[in-house]
Each structure stands twice: as structure tokens, then as C-alpha cells.
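Per-entry structural report
Listed below, chain by chain, are the residues.
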Amino acid sequence: MEPIIAIVLALIGYALGSAKLINQGNEALVERLGRYHRKLRPGLNFIVPLVDQVVMEDTTREQFTDIKPQNVITQDNIYVEVDAIVYWRIIDIVRSFYEIEDLQGALTQITTTTLREIIAQNTLEQTNVSRAEMDSAILDQLNHITADWGVEILRLDIQRITLPESVRRSREEEQAAVIKKRALITEAEGEKEAAIKKAEGTMASVQIISQALRSNPDSRDILRYLVAQDYVDASQKLGESNNAKIVFVDPANSSEMFQELIAESVTQESNGRKPENDDS
């Protein structure tokens, strides 16, 4: 009985030692006697104990690497600090293990170098405006290199581009100047439009008065009265101010103008006043 029990225990130990469970989304590499043998897929797998060895298990899901802020000089000699994140995944786990020693470190270094190189080929304005084109150029260059490592770069997000304090202040002043210029242009256009409207209104009034004078000879007296009335209104508004003022009147026309205005005012008051003793 004892040999049978020993054999059973040996078989159980062999089964447990040869069974390898790989989680979904992962893959593993098996070496036999120090050489690559095969790749283990997700699920239950069996290997030969003491002969086969699982040397690596890694995920094939999307991963990301945070690129620390890097000091980069643009084409127009402005130092900026760039912070980015690169997203990638393993498409060939065999190459990712055997072709590169430190995959994470290599991705960080190659991304940093490529990021600096691309930004150095652009001015500061191009870096801010052509962000999508720059990301595409970086991805193309990275994937050309990482394809040999069995890695695909999915996207690169430039999170922040920090400008030096002096450059940031200059850009703020420039933006403020642009806003002020637009406000002055808008104000000038408004004044121009108002002046045009006023001129059109004055021209229309002159045309109406001219037509009325031609059609009715008696309207000249009305015109003189209106001019005198406008003069009195203007003098009244001027008199409301506390400041000292001097009013110049044409001597040749002032007497006639005021006489007509007074006569007209007296006539209006006489017509509007009722006798006090109307019943006597």
C-alpha cells in the first residue's frame, strides 16, 4: 500500500507543479532548459516541472507612463516645461521580454527624447496652436522605434506647457493690448455710425424744411421763430451750469429775433388767458 500511496502523492505533486493559471488579460513566457519554449494564454496551462520555467507574466492591457516635467527649448529659443503622459500596450510579449532589458525605463527615455526633439523643431506659438499635429508626429516616431520591442504607443497627451514668468507676463500684456485695440476699434466704429446717423437725420430735416419753404411763403416766419426758440432753449441749458459763461449774439439779428419771440409769446399768453370778471 505504501508504494501506491507514494505514487499517488507524486502524481498529485506533479499535477500541482505543472498547472499554471493565467488570468484574463495576461500572458506568460515559458523557457525549457534556459531557452524560450512557448507562450501561455489566459486560463489553465500545464508545463513540465523541473524542465519548464515561467520566466515572465505580464498584462496585454493598455498601460500608461507618466513623463516627468521636462525643460525643453523651442525653435525661437524659449525655455518651457512640458508635462506629458504616454499610453501604450504590449502586442508581442516575446519581443517585449527578449528585445529590451527594461521596458518601462526604455519607454520613458525614448518618449522624453522624442518629445524634446519635436518641440525643438517648433516655435512657441506653433507648440500651442499645432498640438494635435505635434502629438501625431511624436506617435509616428515612437511607434517606428517601439515596434521592435513588441509595444504599440496608443496616444500621447501633453498635459501642460509651463512658460517662464517673464514670457507669461509678456504674453498677458500682449493679450491685454489686443483686447484694448479691439475695444477702441469698436468704439470708433460706434461713433462713426452715430455721426452718420446724425448727419442723415440733419440732411432729412433740411430737405423737409427746404420743401416747406418752397411750398409756403409764410413758413419763413415760422422758421425764424423756431431758430429763436432753439436759441432760447440753448441759453437756458447754458444758464443751468454754475460755471461762468459768455454768450455772443449777432447784433444785426438779435433785436429782430427777440422782438419776434416776445411778440409771439405775448400773443400766446393773451389767447390763453381768460377774463377774471366774465360774469359782470
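A short tour of the structure in this document, coming up.

Procedures and definitions
Residues numbered from 1 in each chain as written. Predicted model: local features only at pLDDT ≥ 70, side-chain atom pairs only at ≥ 80, totals over all residues. Heavy atoms only, no water. Helix = DSSP H or I, 4+ residues; strand = E, 2+ residues; numbered from the N terminus. Buried < 20%, exposed > 50% of the residue type's maximum accessible area, 1.4 Å probe, protein only. Contact = heavy atoms within 4.5 Å. Pairing = 2+ DSSP bridges. Axes fitted to C-alpha atoms, helices over the stretch in contact; angles between N-to-C directions. Core = buried A, V, L, I, M, F, W, Y, C linked by side-chain atoms within 4.5 Å. Expected span 1.5 Å × (residues − 1). Salt bridge = Lys/Arg side-chain N within 4 Å of Asp/Glu carboxyl O. Phe/Tyr/Trp six-rings, centres within 6.5 Å; stacked < 30°, edge-to-face > 60°.

To continue, consider the overall build of the protein chain. Within the protein chain one finds eight helices and eight strands. Counting only residues that meet the buried cut, the protein chain has 24% of its 280 residues in that class. Long-range pairs, those at least 24 residues apart, make up 63% of the contacts in the protein chain between residues at least 6 apart in sequence.

Now for unusual backbone geometry. Its identity is not glycine, yet leucine 33 carries a phi of approximately 55°, on the positive side. Along the polypeptide, leucine 33 turns up in the loop between β2 (26–32) and β3 (35–40). The backbone phi angle of leucine 50 is positive, close to 70°, even though this residue is not glycine. Along the chain, leucine 50 falls in the loop between β4 (43–46) and β5 (52–59).

What follows concerns the sheet that holds strand β7 (residues 79–90). Spatial strand order, β6-β7-β8: three strands in an open sheet with antiparallel pairing. Each of the sheet's edge strands pairs with one partner strand only, and the pair in question is β6 (63–73) and β8 (151–162). Between one strand axis and the next, the sheet turns through 25° on average, direction left out of account. As judged from the nine bridges shared by β6 and β7, these two strands associate in the antiparallel manner. Counterpart to glutamine 63 in the pairing with β7 is tryptophan 88. Along the sheet, helix α3 (residues 103–120) contacts β6, β7 and β8; its crossing angle with β6, the most-contacted strand, is approximately 40°.

Grouped together as the largest cluster of nonpolar side chains are 31 residues, with contacts concentrated most on Val82, Trp88, Leu103, Leu115, Trp149 and Ile153. Broken down by element, the residue count for this core peaks at seven residues, all from α3. Among all residues touching valine 82, those that are not within four sequence positions of it are Lys68, Pro69, Gln70, Val72, Leu115, Ile119, Ile158, Arg160 and Ile161. Among the nonpolar cores identified, the runner-up in size contains five residues, and Ile22, Val30, Leu40 and Ile47 belong to it.

An ideal rise of 1.5 Å per residue puts 22 Å on 16 residues; helix α5 (residues 131–146) measures up with 22 Å between its terminal C-alpha atoms. Considering only its buried residues, α5 is in contact with α3, α4 (124–129) and β8.

Taken as a whole and assessed by the stated rule, the structure comprises seven salt bridges. In this structure, lysine 39 engages glutamate 27 in a salt bridge whose closest nitrogen and oxygen atoms are separated by 3.9 Å. Taken together, the positions of lysine 39 in strand β3 and glutamate 27 in strand β2 put the pair 12 residues apart, joining distant regions of the chain. By relative accessible area, which is 25% here, lysine 39 ends up partly exposed. Taking the shortest distance from any N to any O, the salt bridge between arginine 41 and glutamate 27 comes out at 2.8 Å. You can see arginine 41 sitting in the loop between β3 and β4 and its partner glutamate 27 sitting in strand β2, a full 14 residues away along the chain. Residue class for arginine 41 comes out partly exposed when judged on its relative accessible area of 46%. Here glutamate 27 falls in the buried class, since its relative accessible area comes to 12%.

As a further point, take the packing of aromatic side chains. As enumerated under the stated definition, the model contains three aromatic pairs in all. Consider the rings of tyrosine 36 and tyrosine 98, whose centres lie 5.9 Å apart with planes at 75°: the pair is edge-to-face. On the criterion of sequence distance, the pair formed by tyrosine 36 in strand β3 and tyrosine 98 in helix α2 (residues 93–98) is long-range, its members being 62 residues apart. Residue tyrosine 36 is classed as partly exposed on the basis of its relative accessible area, which comes to 38%.

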